[in-house]
Amino acid sequence: MNIILLGGTGSIGTLSLELIDEFNYNLLGVSLGTDTCKSLEIVKKFKPEYICVRKEEDKAIFKDYVKNIFVGNTGLDELASIKCDILINALSGSVGLKPTISALKAKNDIALANKESLVMAGDIVMDLARKENVKIYPVDSEHSAIWQCLNGEDNKTIKKLYITASGGAFRDKKREELVDVTVTDALNHPNWKMGKKITIDSATMMNKGFEVIEAHHLFGVSYENIKPIMHKESIVHSLVLFNDSNMKALLAPISMKEPILYALNKGSRVKYDNGFNLTTLHFKNISFKRFPCLKYAIEAGKKGGIMPTVLQAANEAAVELFLNGKIKFLDIEEIVYQELKKTKNFKPSLEDIIRVNEEVKNRVIGGRL
Ligand code: MG
């Protein structure tokens, strides 16, 4: 299996590389982050034909080991356009959108971990996938679970999708207790070890809002019939209720390796022993008042047009400000709310989406970084 991996040094990238190693798949190409030590290790170990580095000056570090070196965001597009069996898009944030489009145009099937691609431009991405006859396989564990529950089913028989949420770092805190929480507090996720951006998005519950939008696009289910639900054990990865009152759930270890492996094999099961401890399971409703970002995301998804792009961009910039100590935790949701409020909706082209994404991010950052 020839694999191109975007986001090789991130958390999903690292797990993907472990699987590529364990299963002897071929890493044809990989994009690398700012950690040059880790990047060099990857290049020496996997010997990819193609890599993409952040800056022109990084080329010198790798030139003795790789023939083809792409650079920067245009380099990501070039790498995504190389023919492969499957491309893993494990980039974090809006930078992942254009490479998703490039991969689709090159007719590369995608294992999609970059949820922002679908949040920002779900209609355009899914239309293009249909037009090019390319498959998008979800890597997000909730969507992998739904996909597995829908195996052998007719999507028309879906009554409701239940997307489970662990609740993030502050699930047991009241709103008034969030006023002075620190970056370290927010990064302390009870169940999952993930990248910084998504860990903050879990604490605000924006991540679950993004996942509702993602599920809407992947499975063609209306927003009214997608319900996020709190499940603190993170064992049930999601559930599907069918129109005959039967319900399926997918239970799996708290690990991203299973969804990555299932996506890489395009829905075929391969033997993999990762252990599994079944425990008592709890479910409860999520309050929009306690987690307003979830409400903003679902509302933006329902409105469609440019709103989900604005939601994503405002959140991405606000999370960056928070991680850099420039704003407080609760400012994130306020910034997202204000940006959505001032937006006049319209039906965007891909160019509009890319432009508005930059405009909103620049406005929110406002020279503060
Ligand atoms: Mg998820």
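Basis of the calculations
Residues numbered from 1 in each chain as written. Predicted model: local features only at pLDDT ≥ 70, side-chain atom pairs only at ≥ 80, totals over all residues. Heavy atoms only, no water. Salt bridge = Lys/Arg side-chain N within 4 Å of Asp/Glu carboxyl O. Helix = DSSP H or I, 4+ residues; strand = E, 2+ residues; numbered from the N terminus. Buried < 20%, exposed > 50% of the residue type's maximum accessible area, 1.4 Å probe, protein only. Pairing = 2+ DSSP bridges. Right-handed = clockwise from strand over helix to strand, strands pointing away.

**Considerations on the pattern of salt bridges**
Okay, so step 1: Summed over the entire model, instances satisfying the criterion amount to 23 salt bridges.
Okay, so step 2: With its nearest N and O atoms 2.9 Å apart, the salt bridge here joins Lys-115 to Asp-140. Of the two residues, Lys-115 sits in the loop between strand 6 (110-112) and helix 6 (116-132) while Asp-140 sits in the loop between strand 7 (136-138) and helix 7 (141-149), which places them 25 residues apart along the sequence. For the pair Lys-115 and Asp-140, a shared accessibility class is recorded, and that class is buried.
Okay, so step 3: The partner of Lys-342 in a salt bridge is Glu-339, with the nearest N and O atoms 3.3 Å apart.
Okay, so step 4: Note on Lys-342: relative accessible area 51%, which makes it exposed.
Okay, so step 5: Within the structure, one salt-bridge network assembled from shared partners comprises Lys-115, Asp-140, Glu-142, Lys-208 and Glu-211.

**Some thoughts on the pairing of strand 2 (residues 26-31)**
Okay, so step 1: Most of strand 2 is tucked away: 5 of the 6 residues are buried.
Okay, so step 2: In the sheet, strand 1 (residues 2-6) pairs with strand 2 via 4 bridges, with the strands oriented parallel. Looking at strand 2, one finds that Ile-3 is bridged to Leu-27.
Okay, so step 3: The pairing of strand 2 with strand 3 (residues 50-53) spans 3 bridges and is classified as parallel. In the strand pairing of strand 3, Ser-31 is matched with Cys-52.
Okay, so step 4: In this fold, strand 2 hands off to helix 2 (residues 36-46), which returns the chain to strand 3; that crossover is right-handed.

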